[in-house]
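The primary structure of each chain is shown beneath.
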Amino acid sequence: MPNPDTAQQVPALDISGLTVRYGPVTALDDVSMTVRPGRICGMIGMNGSGKSTLFKSIMGLVRPTSGRVTIAGHSTSRARARGLVSYVPQAEDVDWQFPISVREVAMTGRYGRQNLFRRITARDNEAVDAALAQVGLTDLADRQIGRLSGGQRKRAFVARGIAQGAEILLLDEPFAGVDKRSEATIIDLLTDLASHGRTVLISTHDLSTLPSFADEAVLLMQRVLVHDTPQEALRPENLALAFGVDVTERRAPRTDAEVG
Ligand SMILES: Nc1ncnc2c1ncn2[C@@H]1O[C@H](COP(=O)(O)OP(=O)(O)O)[C@@H](O)[C@H]1O
Ligand SMILES: [Mg+2]
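In this report, we go over the structure that sits alongside the text. (Residues numbered from 1 in each chain as written. Chains lettered and ligands numbered in written order. Predicted model: local features only at pLDDT ≥ 70, side-chain atom pairs only at ≥ 80, totals over all residues. Heavy atoms only, no water.)

As paired elements, strand S9 (residues 216-221) and strand S10 (residues 223-228) share 5 bridges and run antiparallel to each other. In the sheet register, Ala217 faces S10, and the bridge partner there is Asp228. In this antiparallel pair of consecutive strands, S9 and S10, the connection spans 1 residue, and Gln222 shows a positive phi of 65°. (Pairing = 2+ DSSP bridges. Helix = DSSP H or I, 4+ residues; strand = E, 2+ residues; numbered from the N terminus.)

Time to look at the sheet that holds S10. Pairing within the open sheet is mixed, and its 6 strands lie in the order S6-S7-S8-S3-S9-S10. Either end of the sheet is taken by a strand with one partner, and the two such strands are strand S6 (85-88) and S10. Neighbour-to-neighbour, the strand axes of this sheet turn through a mean angle of 15°, independent of strand direction. Packing against the sheet, helix H5 (residues 150-164) makes contact with S6 and strand S7 (168-172), and its axis sits at approximately 175° to S6. (Axes fitted to C-alpha atoms, helices over the stretch in contact; angles between N-to-C directions. Contact = heavy atoms within 4.5 Å.)

Attention now goes to the environment of Thr108. As for its placement among the helices and strands, Thr108 is situated in helix H3 (residues 102-111). Residues Thr108 and Phe157 lie 49 residues apart in sequence; the distance between their C-alpha atoms is 9.6 Å. Each residue touching Thr108, except ones within four places of it in the same chain, is listed here: Ile100 and Arg160. Of the polar contacts made by the side chain of Thr108, one reaches the backbone oxygen of Val105; its length is 2.5 Å. (Polar contact = N/O pair within 3.5 Å; in protein donor to acceptor, adjacent residues only side chain to side chain.)

What follows deals with the sheet that holds strand S4 (residues 66-71). If you walk across this open sheet you meet the 4 strands as S2-S1-S4-S5, and the pairing is antiparallel. Of all the strands in the sheet, the pair left with one neighbour each is strand S2 (25-35) and strand S5 (74-75). Of the pairings in the sheet, the one linking strand S1 (residues 13-22) to S4 comprises 5 bridges and is antiparallel in character. Bridged to Leu13 within S4 is Ile71. Where helix H1 (residues 51-58) meets the sheet, its contacts fall on S1, S2 and S4, and the angle it forms with S1 comes to roughly 115°.

Here the focus is the pairing of strand S8 (residues 199-203). In terms of burial, S8 is largely enclosed, as 5 of its 5 residues are buried. A two-sided burial pattern is seen for S8, the buried positions comprising Thr199, Leu201 and Ser203 on one face and Val200 and Ile202 on the other. Bridge count between strand S3 (residues 40-44) and S8: 4 bridges; the pairing is parallel. In the strand pairing of S8, Ile40 is matched with Val200. Alignment of S7 against S8, held across 5 bridges, turns out to be parallel. Among the inter-strand pairings, Leu171 is bridged to a residue of S8, identified as Ile202. In this fold, the crossover linking S7 to S8 by way of helix H6 (residues 180-195) has right-handed handedness. (Buried < 20%, exposed > 50% of the residue type's maximum accessible area, 1.4 Å probe, protein only. Right-handed = clockwise from strand over helix to strand, strands pointing away.)

What follows is about the pattern of salt bridges. As enumerated under the stated definition, the model contains 9 salt bridges in all. The closest approach of N and O atoms between Asp93 and Lys56, which form a salt bridge, is 3.5 Å. Residue Asp93 is located in the loop between S6 and H3, and its partner Lys56 is located in helix H1; the two are separated by 37 residues in the primary sequence. Given the relative accessible area of 40%, Asp93 is considered partly exposed. Owing to a relative accessible area of 23%, Lys56 belongs among the partly exposed residues under this scheme. The shortest N-O distance in the salt bridge between Asp129 and Arg103 comes to 2.3 Å. You can see Asp129 sitting in helix H4 (residues 122-134) and its partner Arg103 sitting in helix H3, a full 26 residues away along the chain. (Salt bridge = Lys/Arg side-chain N within 4 Å of Asp/Glu carboxyl O.)

In the vicinity of ligand 1, the contacting residues are Tyr22, Val25, Ala27, Met46, Asn47, Gly48, Ser49, Gly50, Lys51, Ser52 and Thr53. The backbone of Gly50 places a nitrogen or oxygen atom 3.1 Å from an oxygen atom of ligand 1. Between ligand 1 and Ser52, the relevant distance is 2.9 Å, taken from an oxygen atom to a side-chain nitrogen or oxygen of the residue. Summarising the interface, the protein chains cover 59% of the accessible area of ligand 1, which totals 560 Å² for the free molecule. The set of elements that each furnish at least two residues to the shell around ligand 1 consists of S2 and H1. The element best represented in the shell around ligand 1 is H1, accounting for 3 residues. (Near = heavy atom within 4 Å. Areas by Shrake-Rupley, 256 points an atom, 1.4 Å probe, with all protein chains shown as cover.)

Following this line, the structure appears as structure tokens:
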């Protein structure tokens, strides 16, 4: 039996030479990266660096100018039809007034499997109940999505991915506008999913907590500047590259004792 930890393992995500342009704007320029199953990968970059475009490309929501995205060995369209990948959009990309309950949001994770007009089965209901329990939203299941806190909204979308049985979860800025306690709850949830072999890509501005939960990190600025351990990616020299400021100057000067 093949060892799942060997390099022959099919990557959860394999992106090769991905370029995306919106008219004259190049949002992604020749991005290549591979993420193995069960990993949590942080996506770091300033506003406009292409994080959301990368997620939308993985979801097949934007058409690449060139390059290829492969999800667990499948094309984006086949991966989507099989429900392999689930997306938690950044808050500004969601209409929070939409009259849909938490339970219905989670249930949309089940629709991709068959067509929209099929009857909801007992299995669908069980999957949704279990997902809502896992994210701690059972008591709020009937509440309209917009009437939740920021952190609860994120958890409702994570429940959708769980109900779907997605192998890969993409979370775009899940900690923006979310209090520290909810952030910790979401991190626990993601860590648990990854420990069961799910792969997580998460864009975040919160660099301080990243090393506590991410296995690896990508610094993005249209291109992949660094793809390494979070500790390595967050070195001041690398952040200077990604954020275009020389944070290295803020380090204390070396004393004579340190030199040589
Ligand atoms: N629908 C769009 N039409 C035109 N330009 C876009 C569109 N979406 C994003 N962009 C541009 O593409 C670049 C990358 O944006 P985005 O992927 O949203 O970055 P991030 O999520 O890192 O802030 C930015 O310059 C942004 O203005
Ligand atoms: Mg974005």
